[in-house]
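One letter stands for each residue in the lines below.
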Amino acid sequence: KAGVTQTPRYLIKTRGQQVTLSCSPISGHRSVSWYQQTPGQGLQFLFEYFSETQRNKGNFPGRFSGRQFSNSRSEMNVSTLELGDSALYLCASSSGTSVNTGELFFGEGSRLTVL
Amino acid sequence: GEDVEQSLFLSVREGDSSVINCTYTDSSSTYLYWYKQEPGAGLQLLTYIFSNMDMKQDQRLTVLLNKKDKHLSLRIADTQTGDSAIYFCAESTASGTYKYIFGTGTRLKVLA
């Protein structure tokens, strides 16, 4: 069974640009969550999608957005990039239902550097 | 409010036991988790404990949960250099929203 795949793995952008990150969940998983990881803040929850609907949202500005497609693949977008957006962006998938322990399966992340 | 706190660093000698601590604030948490992140990789689930349990043992790992104090700990017996990583505790509530709150992570360094 293939794991969670995130693309691109590394990218460099400049302030003011926008970026789109992609995540393909484990086959059969319908929930995709996004997290921002920085050395000082740890893992911060961005949002969670289930069956194309945003089910949960963290405390991030509107510049951070996401969507989920009918095949459960998800994208997140950050517009008007700021230096502070430099981070590792992690995607996690799960079945998203209450019949399991709720284990999250993480991808290796997309490391964004904003110059 | 929601907050999960961990100490940032822990250093132990190979063969010793490691104890990583975590405190959380949401008393409605259903599951509590320990995830491990090795350099350059995503997080991987190590173990979890249901909120109505006090202890769970899984090979070298022992999880202790004190619901009264909202304290969770992970003990790694016979710590090896391969255990060097960042360890995150996390809580979730099965309230239909499946929101997970992660701690800041504890960087464990095992000295040979």
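Residues numbered from 1 in each chain as written. Chains lettered and ligands numbered in written order. Predicted model: local features only at pLDDT ≥ 70, side-chain atom pairs only at ≥ 80, totals over all residues. Heavy atoms only, no water.

1. Looking at the pairing of strand β6 (residues 55–58) of chain B
Residue and element names in this part refer to chain B.
Reasoning step 1: Pairing geometry for β6 and strand β7 (residues 61–66), over four bridges, is antiparallel. Residue pairing in the sheet places Gln57 in a bridge with Thr62 of β7.
Reasoning step 2: If you look at the hairpin formed by β6 and β7, you'll find two residues sitting between the two strands, and Gln59 has a positive phi there, around 55 degrees. (Pairing = 2+ DSSP bridges. Helix = DSSP H or I, 4+ residues; strand = E, 2+ residues; numbered from the N terminus.)

2. A look at the environment of Asp85 of chain A
Residues and elements named next belong to chain A.
Reasoning step 1: Position of Asp85 among the secondary structure elements: in the loop between β8 (74–78) and β9 (87–94).
Reasoning step 2: Asp85 sits 21 residues away from Phe64 along the chain, and the two C-alpha atoms are 9.9 Å apart.
Reasoning step 3: When near neighbours in sequence (up to four residues on either side) are disregarded, Asp85 contacts Gln36, Arg63, Phe64, Val78, Thr80, Leu112 and Val114.
Reasoning step 4: Among the polar contacts listed, one links the side chain of Asp85 to the side chain of Arg63, at a separation of 2.8 Å. (Contact = heavy atoms within 4.5 Å. Polar contact = N/O pair within 3.5 Å; in protein donor to acceptor, adjacent residues only side chain to side chain.)

3. Considerations on the state of the cysteines
Reasoning step 1: A complete count under the given rule lists two disulfides over all chains for this structure.
Reasoning step 2: The disulfide partner of Cys23 of chain A is Cys91 of chain A, and the S-S distance across this bridge is 1.7 Å. One disulfide, between Cys23 of chain A and Cys91 of chain A, carries an S-S torsion of -55 degrees and so falls in the left-handed class. Here Cys91 of chain A lies in strand β9 and Cys23 of chain A lies in strand β3 (residues 19–24), a separation of 68 residues in the sequence. Taken as a pair, Cys23 of chain A and Cys91 of chain A share a single burial class, namely buried.
Reasoning step 3: A disulfide bridge connects Cys22 of chain B with Cys89 of chain B, and the sulfur atoms are separated by 1.9 Å. In this structure the cystine formed by Cys22 of chain B and Cys89 of chain B twists about its S-S bond by roughly 70 degrees; its chirality is therefore right-handed. Here Cys22 of chain B is found in strand β3 (residues 18–24), whereas its partner Cys89 of chain B is found in strand β9 (residues 85–92), with 67 residues between them in sequence. Both residues of the pair, Cys22 of chain B and Cys89 of chain B, count as buried. (Disulfide = S-S within 2.5 Å. Buried < 20%, exposed > 50% of the residue type's maximum accessible area, 1.4 Å probe, protein only.)

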